[in-house]
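So you can see what is in the structure, the chains are spelled out below.
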Amino acid sequence: GRARADQPVHDLPVAAVAKWKLGAYQSPDGLWWVTIPLLDSHTGDVVNMKFCRVPDADGERRKPKYFNCPGRPLPLFGARALSNDVGAPVVIVEGELDVVAMWAYGWERSVVSGTSGAGSFADDWLDVLEPYERFVLFGDDDEKGDEGSELLTEKLGKDRCERARPPLKDASECW
């Protein structure tokens, strides 16, 4: 059996789902996906969509787990909610649903995520973050999260970064 559209992926509050404009999509093969709009950081226009596979009824989320629309921009997720206070820390998480979960926890400003996984962080995302003085790298508590945090520390500067670990695998699993 497959998950139904009314089964939550993460028990996020409706306000978080509405704020981030999350949706659902059933592919022709009958699989359900959470849809995550990726917004241009300046205009707020949707420039791409990310799809996250809803776990099957047995709780497994088989491959592919994620995909987006190829050939479209991949903006820094959450960049439109960055604080104007460049002295306030920016929390960098590993995935879009982690940003949504952090918002639901009360971190409504300055939480961002790349849209290509822990090991990649585009130069144009670095340009968006350059004015900020401090970063908390809150990647997944696994090898890829550690590697991604090391890569970001090299790019953003050791004196500006600190690593934090979620009590579970990632921020979205803590909800």
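The structure displayed is predicted, hence computed values, not measured ones. (Residues numbered from 1 in each chain as written. Predicted model: local features only at pLDDT ≥ 70, side-chain atom pairs only at ≥ 80, totals over all residues. Heavy atoms only, no water.)

It is worth spelling out the sheet that holds strand β7 (residues 135-138) at this point. Picture the strands of a sheet paired through backbone hydrogen bonds; they go either parallel or antiparallel. Within the open sheet, the 4 strands sit side by side as β6-β5-β7-β8. Their pairing is parallel. The sheet is open, and its two edges are formed by β6 (111-113) and β8 (161-163), each paired on a single side. Averaged over all neighbouring strand pairs, the angle between strand axes comes to 25°, with direction disregarded. Where strand β5 (residues 90-93) lies against β7, 4 bridges are found, and the strand directions are parallel. Bridged to Val91 within β7 is Val136. Sheet strands touched by helix α4 (residues 143-156): β5, β7 and β8. Its angle to β8, the strand with the most contacts, is close to 170°. (Pairing = 2+ DSSP bridges. Helix = DSSP H or I, 4+ residues; strand = E, 2+ residues; numbered from the N terminus. Axes fitted to C-alpha atoms, helices over the stretch in contact; angles between N-to-C directions. Contact = heavy atoms within 4.5 Å.)

This next bit is on the environment of Thr153. Structurally, Thr153 is set in helix α4. The exposure class of Thr153 is buried, given its relative accessible area of 18%. Residues Thr153 and Val136 lie 17 residues apart in sequence; the distance between their C-alpha atoms is 9.9 Å. Non-local contacts of Thr153, meaning those with residues more than four positions away in its chain, are made with Leu137, Lys158 and Cys161. (Buried < 20%, exposed > 50% of the residue type's maximum accessible area, 1.4 Å probe, protein only.)

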